[in-house]
Every structure is written in C-alpha cells, then in structure tokens.
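Listed below, chain by chain, are the residues.
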Amino acid sequence: SPYGSASPITTNPDTGKPYGPQFPPTTIRDDVRIHKLVLDHLGVKSVAVAIGGSMGGMAVLEWPLCSPPGYIRHVIPLATSARHSAWCISWGEAQRQSIYSDPLYQDGFYSTQPASGLAAARMSALLTYRSRDSFESRFGRKPQLGRVDPDPDSTNPDRQQGGGGEPLEFHNDGHRNATRRSPEPPKSPNNLPSKPSIFSAQSYLRYQGDKFIARFDANCYIHITRKMDTHDVARGRAVAVGESQALAQILATLPPRALVISIETDGLFTTTEQRELAAHIPDAELVVIPSPDGHDGFLLEFKQIDMYVQRFLRREFPEIYEKEVEVEVDGDFEVKKTSVFGEAEVDITRWQDEIPNITKQYRVVYDVLPAVTVPVSNRESSGRTPSRRLLSSLNLWTRSKLSTKYSTKSRGSITSVMSSVDSEVAPNGLTNGTTNHEAPESVTTQFDPLVFRSYLLALLPPVIGADPSELESLFDEEFEEKVSRFATDSTSSMYVVKIKEEVEDDALPIYTYELTPHLVYHPTHVTTLALIKRGHSLDPLTPLASQLHMMNLFGGEDTPYEGLHAVVSSGVKPWFDAFVGARSSGRDGGDTRMGIPMTKKKFAELELALLHLQQNVEIPETHLVIHPVIQRAVEQANSTNTPPNISNIPPNLLNDSTFLNSLQAHVNSWIKAIQAVTKLNRDVASGTASQEINFWLSLERALDGIETQLRSDEVNMVINCLRNAKRFRATVSFIADTGLKDATDMVHKYNQLMKDFPLNELLSATDLDKIEESLTLIFAHINRKLKLSPYPIRRALPLVEAISRDFKLRMQGTEIWVAAENAYNERVSRVENQIIARLRDRLGTARNANEMFRVFSKFNALFVRPKIRGAIQEYQTQLIDSVKEDIKHLHDKMRDLPPIAGAIIWARQIERQLLTYMKRVEDVLGKGWELYAEGQKLQSESTAFRKKLETRPVFDAWLHDINRRNMSVDGRLFEIVRLRGGGFQLAVNFDPQIITLFKEVRNLLWLNFQVPHAITNMAKDAKKVYPHAVSLMETVRTYGQTLDLVENNKGIEWLVAEYRNESQRMISKGEGFLLFTGLDYADANDPQDKTNNVIDLYKDITRSVEDLATCSYTTEAFSELLSKVQAAIDRLNLEGYANLEHWVAELDKKIEDILLQRLTQIIHVWCTEFDRVDDNDLRRDTLPLRDILNKRRGDKRSKEERFLEGNMTLKPIVHEIRIQNQVIFLDPPIEYARANWIQQLHDWLGVVCRLRRIQSSRYEIGLQMQGATVTEMNYTSLLTRFSDNTLERPFSLIEMKVQQLKDYVAKWLQFQSLWDLEAEYVFNRLGDSLANWQQLLTEIKKARSTFDTSETQKSFGVCIIDYEQVQARVNAKYDAWQRDILSRFGVKLGNVMKEMHASILKARNDLEHQSIEGLVGGTARRF
C-alpha cells in the first residue's frame, strides 16, 4: 500500500523517480518473511497465536509455513482461504481493468491519479465486501438526502423527461470525465444548476470512491490485487498430483487445534473454503458467525468473534488469564473499524443517521492477550502530527500557484521537495503491511451551517480585510451543501479566496469572495485563507476555533518562494522543533525510531531549496512566433499523416511579398529572442554558489528548449518558404546569427562541473562529521570535473569563495563541546531506559524459571550500572512464583510414568533437577532467601515434593505384582485371536510382559536394588525364550503383511500360490508343538521377498501394457514395450513362479485387446488420410479421432501428431497423361496406384501385426518344446477379430478412388479421336445441314473447358493427374480442327447466303414487273 515500507510510490534510487508499474511483484510470503525479520530483530523467540482476517488471514496461514517448526503455536484465520479462488481472481481482474481503462492511467506512468478508474475499482470492490441483503436493508430505493425521489412519477411531466433535470445532465450523472457541451449549463426553474436525483446507494458508492482516491494510489491497488492472486499455500510445496491432495497435504502440517472463523453470508471467501481449512488442519475447530453483512462481517461482528477468540485463548493459554487487569484510558479512545480496501467501512452502518453522543473516557477491562495500544493525543485527535495538515495545504497551494506561472520542468524541484516533506511527516499509525486506519467520521449530531457562517463573518473582516457587506457572495445557494460536506466528509480543508475584479485604472478596487474545497492559483487571487480541520469531522458541540487550523496564503507576488520560505522557516519548522523538544523531555529515546532527525533534515532541505529558488537568476522563456498560415499548413499535413512541406501552402502566397516579408520579420525576431538567451552571463563573485550552479543548469534547459523549437515542422517550413523565394540572407546565416551552437557547446561543457554538484550535503549538514564529509565530496568533485570541463579558473576560484560564504558555522568551541556532552549523556540515559524497559519486558513475559534465568544471564554484564541493577530486585517475588510453577510442572511429570526401572530413573532425574532449581534461586536472590515468607513456602513445597520422589515404594509394588502373576513360559505355539472389527488373526502365544521382565531385572540390579532369586531365574528363562519368540512373532507378522499384499494385488495370486500353500503347511505343522520346543524355526520359509519381487515386476508389466494404448504408433515403440514385458516374464520364469503359462496367456489376451483397438484407430486414420480431397482440404475425421486419442493419451498428443505428420502420411502418387507417336496414355497406369495404396495399408497394419508375441517359456530346452502346441509367433490373427466392416472400408475406398481416376482419365483418352478421325469423313457426316455444323462448333467450345485452363494437373487427394504435356498438343489439335471446320462452315454458309440472295432478287424483280393498274382495276385478290 502507499503507507508501507516500500510500494510503487517509493522513489527508485537508480532513477530518482517513483517505481510506478516497474515496482517488483511481491507475494504474501514476502510480507511474512519481512515481518519475521522484524521479530527476529526484536528478539522474539516464538509467537503464541497469529490472528488475521481476509488478506491478513492469508498471512496467518503462511506464517507457520515460512517459519521454523514450533515458532507459531496456534493460528486463528478469519474469513479467508488457503488459496485465492477463481471468483476472487476474476473480481480483482475486473477492478484492474477499470483502472486500465482510465485515459489518465498511461500504462502506470501517470502524473495525475487515474481517479475515475480507481474510484470505479473501489466501487466494484465494495460490492464484494457486502451482501445483497445488507445493501437492500440499508438503502433500498431511498433517494439521496437533499434531492427528490429518482423514481419516475406519472403525475409530474417534468419528472418523466429524465428524472427531474436536463436529459444530457441526467444521462451523464456520475461520469467523472464528462465534457460540458454548452457554455451555459441548464438552469432549473429556481435558477440553480439542475442536479439529477440519484438513489442513496449510488450516493454511497460515489462517496466511497471519492474518499478512496484521496488516500490511495492506483499502482498500489493493482499491486495488492495481484499479490492476493498469487496466494496458494500449496504452491511449490506439495508433491501430490492433484490440487486437492496437495492442499490437504500442506494444511496438515499447520499447528493443530486452530480456530477457523467463517462468516455465513460471505460471498468473497465462502464458508466452503473455511470448511476446507478446518477439515485438513489437525484438530481444528470451525465457527460460523451468523451475519447479514457479507465479508465485512468479520470486522463488524467483533462481539461474537471476540467471544470465540477469548474462549479459545483461555483454553490454550490458561496461565495468562488467571487475573483480569483493569486499565483506565484517559483522553479520546474509540473503537475504529476501517480498512484499506473498505471492508467494514463504518459509514454504511450509520449512513446519514444521527448517532448518539458517545462518552469520551472509557474503562477498558483487558481479559485477552496483551496488545500494544496507542491512544490518540488530546492535542491532535486525528492522530496526525501537528504540522501534517498545514504542510498538506501548503504543498497544494504551492503546486497550484506554480502550475499557472511556470513550466513543468521548473515545477519539478519544488514539487519533489514538498512531496518529500509530506512523506516524512506521515502519521505514525501507518505501518508496512497494515491497513490505513483512517478515522471515520465521528459525527454525533447534525452540524449547523449557520454556526460556520457566523464564524466566517467574525473571522474574515480582521484577517483578510473584508467588508462584511462584500462577504454575502460567499453564502450562495451551495453554501450549506459545501459546509455540510466539509463537516462530515474526509475533505480536510476549505479555502476562502479573495478575488480582485478587473476595473479601470482610476477606479476603486472591487473584491469578491469564494468558498471552495479546491485550491487553485490565479493572478487575480489576492489572498487565500485555508481552514484546515484538525479532526476528520466537525463536532457541533465544540467551538470551531479549537477544531480548525487557519493559514493565510498571500497571492499577487511574482513567485510564492518568499512567502513559502517565511512560512517554513519562521512558522512550521520552529513549531515542529518546539513540539519535538517538549515531547522528548518525557520520552526515552524514541526520536530516532520515529524518524524525527530525518524529518528535521528534510525541513532544512526544504528551507534551503526555497531560498535557492528566490536567488535563482530567471532565464527568459523563448517562444518562437509562427505565422498563422504556416501553423494551419502544418496542422493540415499532420491531420493527413503526411510530412509537412511548402506544397501545403497556397501557391499564390509563396510569391506574395507581404507574406514573405512577415516571415522574414518573424525570423529576425527569432534571432533577437535567441540572442537574449545565448548572450546571458552573470558575475560569479556576486551572489551565492547555488545561484551560479542553478544559472548554468537553467540556461542549458532553456537552450535545449530553443533547439527543440528550431527542429519543429513550423520553423522548417518557414525556412523552406524563404529559400524557395531565394531570400537567402535570412536563411543562410540564421543559426550563426543566433549564436546558439557556440552557447550550447559552452553550457554543456560547463555543466559537466555543475551537474551533481554536492553542495546541498554541506548546507544541510547537522554535525562536524557531516561537514567534513561534504567538504571532501565538494573538492573531490571540483578536482575531478575541472579536468573534463573548460570552466575558467577565474570563475572557479570565486565559486569556491561563494561556497564558503554560503556556509556559516554558528557553533564555536565550547558550545560544540557542551552540546556534544549533553547529547552523549542524553543518549546514554535513553539507552539505559531502553535496556531497563527491555529487561522488565523480558522478565514480565517469562513463563517459567528457566526463561527468567536466561534473561538474567543475558543482561548479567550490565548489572554494574546502578540504575539497571535496581530493576532486578522488583522481580524476586515473581521469580519465586515462577519456581513454584516449575515445581507444579514437575508434579505433573510424575503422572503416566513408564514401567518400573524407567520410573525410578526418571524420579531420580527429577530430584536432581529440583536441587538445581533451588541452587539457582539462591544464586540469583542471594543467601537467606528461605527466610522470607514466600521463600519459606517455597522451601516447604520443595521438601514435600522431594518426599514424593522416593523410589522404594515403587520397587516394593513391583515385587508384589510379579509374585502375584504367573509369568511361566508354557502352552501351545500359536493361538487364534478374534479381531474387534470382525474376523480372526493368527498370533504367537507369548505374553509381552515376559519380554520386559529380564530388562526390568537387569536395570534394577544396576540401580542397586535386591531382586529375589526366584524372579532372577524367571528372568533368565524369559531371556532364553525371548529371541525365538521375537523371531516367530516377526515371521507371523510378515506372513500377515504378505497376505495383505497379495489381497491388494489380485493379479499375482496365481504366481505366488505355491509359496502361500507352503506357508500354510508350515503353520499347520507348528500347531502340534508346545511353545518353542521341537520346532526348527530356521526352516520357516518367508515368502515376503518373493511376493514383493513379483509385485514390482507386475507393476512394471502393467505399466508397459497400459503404455501400449498411448505410445507412438511405431514398430520401435511397440517393440520396446513388449520387450520390457517379455524381460519381466523371463525373470518370473527363471525365479520359478508357479502357473506362469496360464498367467501369461491371460496377459496376452489383454495385450491383444489393446493392439486391436490401436489397429482400429490406425485404420480410421488411414481412411481419413486417404479420403481427403486435396492437400489443402481439412481432414474431416482426423480432428474428432485425435480428440478421442488425446483423451486417452493426455500429454502425448504432440508426439502422436508429429508422428502422423512424418511417417503416417500418404504421399500423393503423380500420374502423367502423355502423348507419344500420336497416342495418348497414362504413365504409370492406374493399377500401379492401387498396388501402392494396398502396400501402404499393409505397412501401417504391419506395425502391429508383425510384433512378436510374448511367451512364458523362452528358456525351455528343445526336447520339452517338441510336444508343445505350435503357437502363433505374432499378432497377424488380430485382423480376423474385427466385428464390423473396419477392415473392408480401406479397400472399398481404394476401389472408389481407382474408379474416379478411370472416369477422369477416360475423358482425356477420348481426345485420341482428334488424331484418328479423317477430316473428309467428318465433313461428309455433317452434310449440308447448317444446324449440324453449329452444334458441332458449340460442342467443340464446350469440350475445350476440359483442357483449355491455366491449371496443369488435377488432384484427387492421394493421387495427382498431371496433364501438362498433353494439354498443349490437344489444344493445338483442337485449334486445327476448329479452323478447318470454321473454314468449311464459312464456305457452306456463303453458298447458302448466295442462294438466298439470288432468291430474294428474283422475287423482287417479279414484284416490280407487276402492273399497278392491273392490280387496281382488276379483280380483287385475296392473299
């Protein structure tokens, strides 16, 4: 988080900039390891219990796994999981995408917070922390206070048009980056800007989004969500295959008796995940808390959780809860419930409600484990240091003022300085890995804006010189809303701005006033009064004067540096020093740990930086004037994404003298402006060394900026226009006239000395050692850089003198010594106080006398100091109590002692330990400690306990027990024992007590006890029988284990049946013997080795047989697996296992079934490969088939695909249609393709069919094999076992493909008739019928489509017909035939046309010779 030790906002020492998105990714385990280093530094040896919820719960689960065993004694995970679920990962991704989509994000290298994306991410995260019912019960459809109901109302026409406002305003309500579409916002009827009404739930989410972006960083948010995504306690630790097994394996190693707490309605870390934790952590207890508040219930239901946690702690640590301790807390103290991700934001539980007034002093009874509590100071109820809020406003005001007057480069120094001050005075409550405990608003009653109005009317006239009548502009319609938000929201500042209106010179000034929560700098702002809240909300019952800081930020001056320097040097810094000085008198050496010296150094650096900014020589900014025509031309070229040139300028302007004169005038103005910078210089003897250094560095930046402008497209176009007009006077000497090149070279060389000049180290030095070190750095830098830089010696000497003038030594001789001596004494006192505090803490937390003795031994060398030695006397009584407690533990150790000799030995050791304790007490507390009342009690308890350690009664009781029992060795050898769960078990008839009898006698004799002679003889007999009994018991146990192995491996029963029968015969033989008489135990054959051996071989055989179904389809792969199987069978044969032949026969049947399945699959693959249309066609059936294979073979998919692409691919056969001696034929013939395809099919099938079968008797001699049945030596017979037409399909496909080839080739063979036919025969057949001739020509045109194409071959998938050779000749022959036929058809057509023409002429003549009169006068004729 941004409050941790390191985060994306931390400055990268290599670049001097924040890490941003380049911050290294971290995990939950990294956090735990860092915290472990802190505990190691503090000397913590173990942790009683680790408690945490949500992300903290993840760390709780990692603590035992990232620390030595036993370091964490117990864990209490709340509302968390063992690994981040896909549900949580998806929510995190959605929130990150919200941030990525913000235009300001810029891949994480943003200068302005991507507030819109971060607020959206925050809103979506809040929904996961709550439940649906909690939102519904809290908000429902209630509107936001102060606005009308957002539900549409049919009786109100205005409401139907967009919720009571302008449609556009209503549509974009809540859009942070919305663009205002009109200069005048729409007004409502009451002349106020229309505000669309929203629901209360919407208002709450926006409120939380605004609140969050003010205190968090987007890159940090992304980093934390990715850190949570990595959480998986089994990652890189478990050896199990499955995820569930791996998780269970790791959780089983966590400390036992954990308390797992779950929230019933948690939708983020569900109850199922907590049940998984409780199921796998040994002896864990699961508690499900009923709560309607979802994931936030683990923070809101603290009463229920506290009850269960206390019960757990009292049970596991009873010694801590013997007494209740009452602690009275003075000052402000309250329970706060917030978190960095908003879990349990208190506001939702009291949103827009009035909360009763809460008493500010509590009496807290601590009956849980001690916890470190830092109460809030009365002086600063917000928990922030006195200067924190003042510096925040000062920083904001400085940045706003600089944003108006200076460029980005000039803002860098002051911004970085102010940011560093902000970071150094961060609240102490923010620590690495913890949440941001920002105090929620503690509003008890509604704040009245009229109180704030009265306060302003009384404050502003004397402070900023305001006339009361002019202040009415402050109290506009939004005044109450602004004040209410300022009083209750997290906004810490409100600003009253005095604005000077523009008037004529002779007119009186007019001022207006504005109340705003945002600080903006403008030249018209005469002054700005900052009102800064000391707390997070304004209490209406407390005067405002005690709740607000006030700061006057004057405006109007050229730069804010003088005002800022005065505020820091004369106000903030002395106030901070006074505060620290007053507090350090009562504090024992905590300044160093709190970073106060570093803060003082930062104040000195800030004061120095502001002083330097006042003394800097201003470098005039240079802006080259560009003609509007040139500007439009460049913009036009950029819009079309083309390089700008003079063609973009209207041609009539290129020769326009007015236009060219203006361009030349601009160039002359450029030269003057640039010369004003290049000719700048300063007198190094006047002023400070900082001014000299900053002058050359600023001059270099200014020259670089000028060079950048001269390289712009606009300047280049101006120069090109003047060159085009042949005005070379303005272009040729342009660069030389400016003097830019010489000035740039000189400045670059001078800045080799000025860059990284270690002057600030000297000016901010706080002691003599720092001064000496900084002077060494300065002169080493000067000596080294002057060898590289031509910086003149005449300037270098005054520069050194200026350095000495900058530094003024304020302390002299005696003052330095007195200050050093006081500092030494103060430091020694602080160290002694720290040692005493640590010694008391160690002694106070010691759980027994041993721990106290270790503490005394560690601090023994420091007891010569009277102040430290006095701390020992306070713990005499506690040490006596601790010794009493250890004696009680010794009493407990007397229980459940081992049998007799061990009990006697143990009692004597305890007695020696008791004497050692008594000696230690005397060494530490001194002689005569038993004279005290507590010492006398301890002495009497020690004496009473020593009497309990007498061993004679124990020995007498043992003798009585031995004499009472019958310990003789007799009876039968075996007995049958009935098991509790049902069934019977074979056992040896031998009493285990007899086994320990001779050991007891031997040890008692060593301990100088007198054992009776009869018991000694009985022990000797037991000693004789003992080896045989143990051997036989081990044999019976091994036999039982062997039977269990055979039962669990059904496949080996036939092979070990002979050994099992032999063992049963031996047992039946031993049933007739008396105990350990007449039986040769060495003859008992143990079949365990044989069984274990055959199990190993059986597993290898089974694995190899299963691999046959998934291995690559090659002869080598199959042969290798079958060779392994055969080698294992040969070992079984050589070792003489029974029933091997029948067992191998059954195994061979399994192999046949697997190979038959592989044959079926490969036939399908062959058919698919054969049936493809061409090389580019998708294999229709291959993908489903390979999906089936992949399900069976898993990870071997890529290997199988490579094999199919290499060896199991049918290569196309190329047939060529050729013509030779005017005869067309196919080469090679189609029968060659059929034979080739059948051979390829046989090769594919032969991979399996030619495999050698497994045999059970490869090592039998030839005479024994003669009578045996001749068995098949390979798997060719598998081809007869197909139940369907699997084997018929490839042959039918071959025949179909052959028929396709024949049909296609027949078309080409038809063209043989072109050479066989005689032309006259064709012409005679056609005769004189023009219709026949036309039909023939049409058919010739249609037939040409077969061969008259751009292609030269025809693909049939596994076969290609190449007709390139015959195509040209057939085409040529067709052309010849077509020419002849067209020629003869032309003659025929001409003759017919002539005859028709003659007929038409004859008819015409006949018609012309007919008499018109005759036609008219004659008889009418009918046609």
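See the structure above.
Attention in this report is confined to the structure presented alongside it. (Residues numbered from 1 in each chain as written. Predicted model: local features only at pLDDT ≥ 70, side-chain atom pairs only at ≥ 80, totals over all residues. Heavy atoms only, no water.)

We now examine unusual backbone geometry. The omega angle of the peptide bond from Asp1227 to Pro1228 is -5°, so this bond is cis rather than trans. As for its position among the elements, Pro1228 is in the loop between β14 (1223–1227) and α45 (1230–1249). Positive phi is not limited to glycine here, since Asp756 has a value of about 60°. Mapped onto the fold, Asp756 is located in the loop between α26 (740–754) and α27 (759–763). (Helix = DSSP H or I, 4+ residues; strand = E, 2+ residues; numbered from the N terminus.)

Once that is clear, we can look at the sheet that holds strand β16 (residues 1359–1362). Here we have 4 strands laid out as an open sheet, ordered β14-β13-β16-β15, and mixed in their pairing. Two strands bound the open sheet, and with one partner strand each, they are β14 and β15 (1353–1355). Along the sheet, successive strands turn relative to each other by an average axial angle of 20°, direction set aside. The pairing of strand β13 (residues 1213–1220) with β14 spans 5 bridges and is classified as antiparallel. For Ile1219, the partnering residue across the bridge sits in β14 and is Ile1224. Against the sheet, α45 touches β13, β14 and β16, its axis set at about 165° to β13. (Pairing = 2+ DSSP bridges. Axes fitted to C-alpha atoms, helices over the stretch in contact; angles between N-to-C directions. Contact = heavy atoms within 4.5 Å.)

Attention now moves to the packing of aromatic side chains. As enumerated under the stated definition, the model contains 26 aromatic pairs in all. Centre to centre, the rings of Phe135 and Tyr204 are 6.3 Å apart; their planes meet at 70°, and the pair counts as edge-to-face. Here Phe135, found in helix α5 (residues 132–138), pairs with Tyr204, found in helix α7 (residues 200–213); they are 69 residues apart in sequence, far enough to count as distant. The exposure class of Tyr204 is buried, given its relative accessible area of 2%. Three or more aromatic residues joined by ring pairs form one cluster here, namely Phe695, Trp696, Tyr750 and Tyr791. Looking at Arg453, its charged tip hangs above the ring of Phe475, at a distance of 4.1 Å from the centre. The aromatic ring of Tyr511 is capped on one face by Lys498, whose charged end is 4.4 Å from the ring centroid. (Phe/Tyr/Trp six-rings, centres within 6.5 Å; stacked < 30°, edge-to-face > 60°. Buried < 20%, exposed > 50% of the residue type's maximum accessible area, 1.4 Å probe, protein only. Lys NZ or Arg CZ within 6 Å of the ring centre and 35° of its normal.)

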